[in-house]
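The residues making up each chain are set out below.
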Amino acid sequence: MVRLITHNLLGCHVKNCNSNNFPLEFKNAQVALVEADFNPDFLRGFLPKIEWKALVDTARQLGDTSLPDEQPEMVDDDFLKALHHVLLEIHVEEGAMVCPNCKHEYPISNGIPNMLLAEHEIA
């Protein structure tokens, strides 16, 4: 399943596509909300690895506005619960991820993204 925790780490790897290739944009996304166990320690540890603007923009693209524009310096339980929801409970089941630079589409089917490239697309 494509969750935003995974999406926040993905970029386009098509040959010669080496600028403006992150974050991938969702197209025709079908979203499911799936409950996940809340683990605040995991979230605190993962927070420094997040590309914040990309996460917020993507969450908003999918209809979630619960995260602030700027990553807060002080982290409380309400913030961690909102972060948990966005990172772990929003699942993209169908659609595609599209590179903002080269427009290559990575299809998503049954929650699984196909990130494989054709031979002529490999760097």
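Look up: the structure comes first, before these words.
Residues numbered from 1 in each chain as written. Predicted model: local features only at pLDDT ≥ 70, side-chain atom pairs only at ≥ 80, totals over all residues. Heavy atoms only, no water.

Below, the discussion takes up the side chain of asparagine 8. Within the secondary structure layout, asparagine 8 lies in the loop between α1 (4-7) and β2 (25-33). Taking the relative accessible area as the measure of exposure, asparagine 8 reaches 4% and is therefore buried. Ignoring sequence-local partners within four residues, the contact set of asparagine 8 consists of Phe22, Lys49, Ile50, Glu51, Ala54 and Leu55. (Helix = DSSP H or I, 4+ residues; strand = E, 2+ residues; numbered from the N terminus. Buried < 20%, exposed > 50% of the residue type's maximum accessible area, 1.4 Å probe, protein only. Contact = heavy atoms within 4.5 Å.)

Attention now moves to the packing of aromatic side chains. Following the criterion strictly, the structure yields two aromatic pairs and no others. Between phenylalanine 42 and phenylalanine 46 the ring centres are 5.8 Å apart and the planes differ by 20 degrees, which places this aromatic pair in the stacked class. Here the residue phenylalanine 42 and the residue phenylalanine 46 both occupy positions in helix α2 (residues 40-46), the gap between them amounting to four residues, near one helical turn. Accessibility expressed as a relative area gives 38% for phenylalanine 42, which makes it partly exposed. Each ring, one from tryptophan 52 and one from phenylalanine 79, has its centre 5.8 Å from the other, and the planes form 40 degrees; the classification is tilted. Linking tryptophan 52 in helix α3 (residues 52-61) with phenylalanine 79 in helix α4 (residues 77-89), this pair joins segments that are 27 residues apart in sequence. (Phe/Tyr/Trp six-rings, centres within 6.5 Å; stacked < 30°, edge-to-face > 60°.)

For the structure on display, the rule yields four salt bridges. For glutamate 105, the salt bridge is made with lysine 27, and the minimal N-O distance between the two is 2.5 Å. Residue glutamate 105 is found in strand β4 (residues 105-109), and its partner lysine 27 is found in strand β2; the two are separated by 78 residues along the sequence. Given the relative accessible area of 35%, lysine 27 is considered partly exposed. The partner of aspartate 69 in a salt bridge is arginine 60, with the nearest N and O atoms 2.5 Å apart. On the basis of relative accessible area, aspartate 69 is assigned to the exposed category, the value being 52%. (Salt bridge = Lys/Arg side-chain N within 4 Å of Asp/Glu carboxyl O.)

What follows is about the nonpolar core. In this structure, Trp52, Leu55, Leu67, Leu83 and Leu87 are the most contacted members of the largest nonpolar core, which totals 32 residues. Listed by contribution, the elements that provide at least two residues to this core are α1, α2, α3, α4, β3 (90-98) and β4. With seven residues, the single largest contributor to this core is α4. In this view, leucine 83 contacts Leu43, Leu47, Ile50, Trp52, Leu55 and Leu67; residues no more than four positions away in its chain are not counted. (Core = buried A, V, L, I, M, F, W, Y, C linked by side-chain atoms within 4.5 Å.)

Since there are 3.6 residues in each turn of an α-helix, residues three or four apart along the chain are aligned in direction. Among all positions of α4, only Phe79, Leu80, Ala82, Leu83, His84, Val86, Leu87, Leu88 and Glu89 are buried. Tucked inside the fold, the buried residues of α4 contact β1 (2-3), α1, β2, α2, α3 and β3. Looking at where α4 begins, the residue whose side-chain oxygen comes 3.4 Å from the main-chain nitrogen of aspartate 78 is aspartate 76. (Polar contact = N/O pair within 3.5 Å; in protein donor to acceptor, adjacent residues only side chain to side chain.)

Residues Trp52, Ala54, Leu55, Val56, Thr58 and Ala59 constitute the buried set of α3. Trailing α3 by a residue or two, glycine 63 shows a phi angle of about 95 degrees, which is positive.

All quantities given are derived from atomic positions and should not be read as evidence of function.
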